[in-house]
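# Structure at a glance
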Amino acid sequence: MSVLEVKNLTHCYGGNTPFINDAVSDVSFTVESGEIIGIIGHTGSGKSTLVSHLNGLLKPTDGTVLIEEKDIWENPKEIRKIRSKVGLVFQYPEYQLFEETVFDDIAFGPKNMGLSGDELKKRVTEICEIIGIKPEYLEKSPFDLSGGEKRRVAIAGVMAMRPQIIVFDEPIAGLDPKGRQDIMKIISEYRKATGATVIIISHSMEDMAMFTDKLLVMSRGKLVIFDKTENVFKNGKELQKIGLNVPIVTRVFYKLKEMGIDVPLDVFTVEKAVEVLKNAKAGDRNA
Amino acid sequence: MLKDITFGQYYSANSPIHRADPRMKIVLLITAIVFIFLSKNMYALLFSCVFVLAVLLISKVPFKIYLKNLKAILPILIFTAIINMFYSDGTANKLFSIWKLTVTDAGLYRAVFMATRIILLIFISSVLTYTTTPNDLTDALEKLLSPLKYIGLKTAVHTLAMMMTIALRFIPTLVEEAEKIMNAQKARGADFENGSLKDRAKALIPILIPLLISSVRRAYELAEAMECRCYNGGEGKTRMKQLRLKPMDYVICFITVLFCVGIILINLI
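Residues numbered from 1 in each chain as written. Chains lettered and ligands numbered in written order. Predicted model: local features only at pLDDT ≥ 70, side-chain atom pairs only at ≥ 80, totals over all residues. Heavy atoms only, no water.

### Side note on helix 5 (residues 147-159) of chain A
Residue and element names in this part refer to chain A. For clarity, the cut-off: For the purposes of this entry, the term helix denotes a DSSP run of H or I that reaches at least four residues, the term strand denotes a run of E that reaches at least two, and both are numbered from the N terminus. Multiplying 1.5 Å by the residue count of a helix minus one yields the expected span of that helix. Burial classes: relative accessible area under 20% of the type maximum marks a residue as buried, over 50% as exposed, and values in between as partly exposed (1.4 Å probe, protein chains only). Here, residues are in contact when the closest pair of their heavy atoms is within 4.5 Å.
In this model, helix 5 (13 residues) spans 18 Å end to end at C-alpha, consistent with the 18 Å of a helix rising 1.5 Å per residue. If you check which residues of helix 5 are buried, you get Arg 151, Val 153, Ala 154, Ile 155, Ala 156, Gly 157, Val 158 and Met 159. Elements in contact with the buried residues of helix 5: strand 6 (86-89), helix 3 (102-112), helix 4 (117-131), strand 7 (165-169) and helix 6 (177-194).

Quick look at the structure:
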């Protein structure tokens, strides 16, 4: 069943000023339950505007967003309910922390959903277990944590609402390699525990190749490609035309091919590359 | 919703007033205001009206925009007019009375006179803010206040001007930041639109605290960046854009002086 469907979505900023600007125009796509979708595109290509529609932060100028086959704007008063179904983690989410303790901050979302008492406590401790926030952290002030830890707490704050669809806008921007790994790990842990659908915006083609099932490519507010990740990366030329690229490891294989070495070009992750190279080596020995 | 906050009222156009030296504009504005208030009789006031209207036309800013500015001050305007209407000395002719308050012809005349003065004042001041960018304004203020350094306020003038410039520069940044934080909290189910006044005030905490923290962080970063570029206050600082008086500035000055002389002469009638 399609958990999310976007139909002919158009959004233009500055409706009645001379600066009319279609940030997103005529975008349609369908997401099946449990998929991991990556969104790639240039800065300013409308990625963030697009995802802000998924939980009703922005109202489409034209078109509809359907969650579980229901138009989210059917009843505008109920839009806050959509926000607990579709979690949205913004860029640099650590800047949204405000409570005195980590526990209170994670509890903010569920509290807004109307949970309280033991139920609320259960929610928070559960999510902390899933993504590995130690219980002794819960009483600390979020402002005493390190950058990576803050981000993890902020993400936990959205996950604690238990959204069925969770959207991340550049979740790993500005983190060190260890921090990036940690964030990607908690995203997969959450998915494993809840079976949620995940949508990730990122500029890291390597992470996209590693984690996503499908890729949605945006350029100048339009959806250019929506296909399985390997199919998108197979069309490297198409991506380069709009100023994007394929993972570095794939570029290495392109170069090897150019140098006259017979290698496959559909290598998108380091693991796959290692495997291919090992096979090639074994083949050499046999010859 | 936050996008509605317009700041810096600068209206981009290409008029002699836009191009004029901001220092000159500030000085002439103050002079013009003084002389509008010196208008004693009806003819002088009428002459002021003509002068102000001419300035508005030359500024090439649509009249509609000036009127918008007037709307904000309307309650004060009406209040002043009404108070003045009831205020008169005993010699005036009684027109009508409401309850214990009497309206006389002198009072009515005074009310209209005061209201016109205030309107003119608003219009002529808006010319300055509509035709001068905030940065030009602070630059000009710094230059105009620079004599203060002779009375022991050496760094104060520059510091004040720098503070103003920074404050103006960061208003759009803060608005953008507030919007981001608001969206983030909305995504966590925060509700800013419903509930009692107390609830709504409480709902602002999740926005205000992150905003405050990020402002402090920004201030530290900015201070560091300024120090890295050897900023040490105003001393020895030169400017890329030097303010220089052009022939047109003298023309504008001359016209204003004519206006002042005119007011003095008409007042004698």
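### Topic: the domain arrangement of chain B
Rule in force here: These domain limits were set by an automatic method or by a database of domain assignments.
When the domains of chain B are assigned, the result is domain 1 (7-133 + 245-268) and domain 2 (169-228). A C-alpha centroid distance of 39 Å is found between domain 1 of chain B and domain 2 of chain B.

### Focus: the environment of B:Lys241
Residue and element names in this part refer to chain B. Of note, Lys 241 is situated in the loop between helix 9 (205-228) and helix 10 (247-268). A relative accessible area of 58% places Lys 241 in the exposed class. Separated by 105 residues in the primary sequence, Lys 241 and Asp 136 place their C-alpha atoms 9.8 Å from one another.

### Focus on the side chain of A:Ser25
Take A:Ser25: it is sitting in strand 2 (residues 21-32). Contact partners of A:Ser25, with chain neighbours within four places excluded, come to A:Leu9, A:Thr10, A:Gly221 and A:Lys222.

### Details of the interface of chain A and chain B
As a reminder of what qualifies: What counts as buried area is the accessible surface, traced by a 1.4 Å probe, that two parts surrender upon association, with contributions from both included. For salt bridges, the criterion is a side-chain nitrogen of Lys or Arg within 4 Å of an Asp or Glu carboxyl oxygen. Polar contacts, as used here, are pairs of N or O atoms within 3.5 Å; protein pairs need one atom able to donate a hydrogen and one able to accept it. Residues neighboring in sequence count only if both atoms are side-chain atoms. Under the scheme applied here, ten amino acids are nonpolar (Ala, Val, Leu, Ile, Met, Phe, Trp, Tyr, Cys and Pro), four are charged (Asp, Glu, Lys and Arg), and all others, including Gly, are polar.
Each partner contributes to the interface: chain A provides 18 residues, whereas chain B provides 16 residues. Each partner contributes to the roughly 1600 Å² buried at the junction of chain A and chain B, and carbon and sulfur atoms together form 61% of this total. Inspection of the region where chain A meets chain B yields 2 salt bridges. A:Asp105 is paired through a salt bridge with B:Arg188; the nearest N and O atoms lie 3.0 Å apart. Applying the counting criterion to the chain A and chain B interface returns 4 residue pairs in polar contact (both at pLDDT 80 or more). Of all the secondary structure elements, the ones that give two or more residues to the side of chain A that touches chain B are helix 2 (79-85), helix 3 and helix 5 of chain A. Within the side of chain A that touches chain B, the residues separate by chemical class into 10 nonpolar, 5 polar and 3 charged.

### Regarding unusual backbone geometry
All names here are of chain A. The phi angle at Asn 8 is positive, at roughly 45°, despite the residue not being glycine. Mapped onto the elements of the fold, Asn 8 is located in strand 1 (residues 2-13). Look at Asn 8 and you get partly exposed, because its relative accessible area is 40%. The phi torsion at Arg 220 lies on the positive side, around 50°, for a residue other than glycine. Here Arg 220 is to be found in the loop between strand 9 (214-219) and strand 10 (222-228).

### Brief notes about a nonpolar patch on the surface
Residues and elements named next belong to chain B. We apply this condition: Patches here: salt-bridge-free residues with over 30% relative accessible area, like charges joined within 9 Å, nonpolar side chains (Val, Leu, Ile, Met, Phe, Trp, Tyr) joined within 5 Å. To measure how exposed things are, a 1.4 Å probe is used in the Shrake-Rupley method; for residues, cover is taken only from the protein chains shown.
A contiguous nonpolar patch, built from Leu 95, Phe 96, Ile 98, Trp 99, Leu 101 and Leu 108 and spanning about 650 Å² of accessible area, is present on the exposed surface. The element contributing the most residues to the nonpolar patch is strand 1 (residues 94-98), with 3 residues. By the element assignment, Ile 98 lies in strand 1.

### A closer look at the sheet that holds strand 6 of chain A
Consider a sheet: its strands pair through backbone hydrogen bonds, and that pairing is either parallel or antiparallel. Residue and element names in this part refer to chain A. Worth spelling out the cut-off: Whether two strands pair comes down to DSSP finding at least two bridges between them. Geometry is summarised by axes, namely lines fitted to C-alpha atoms with helices restricted to the contacting stretch, and by angles between N-to-C directions that run from 0 to 180 degrees.
Taking strand neighbours across the sheet as the criterion, the 6 strands line up as 6-7-8-3-9-10 in an open arrangement whose pairing is mixed. Of all strands in the sheet, those with a lone pairing partner are strand 6 and strand 10, marking the two edges. Between one strand and the next, the sheet's axes are offset by a mean angle of 15°, whatever the strand orientation. Strand direction decides the pairing type here: strand 9 and strand 10, joined by 6 bridges, are antiparallel. Within the sheet, the bridge partner assigned to Lys 214 lies in strand 10 and is Lys 228. On top of the sheet, helix 1 (residues 47-54) reaches strand 3 (36-41), strand 6, strand 7, strand 8 (197-201) and strand 9; it is set at about 145° to strand 3, its chief contact.

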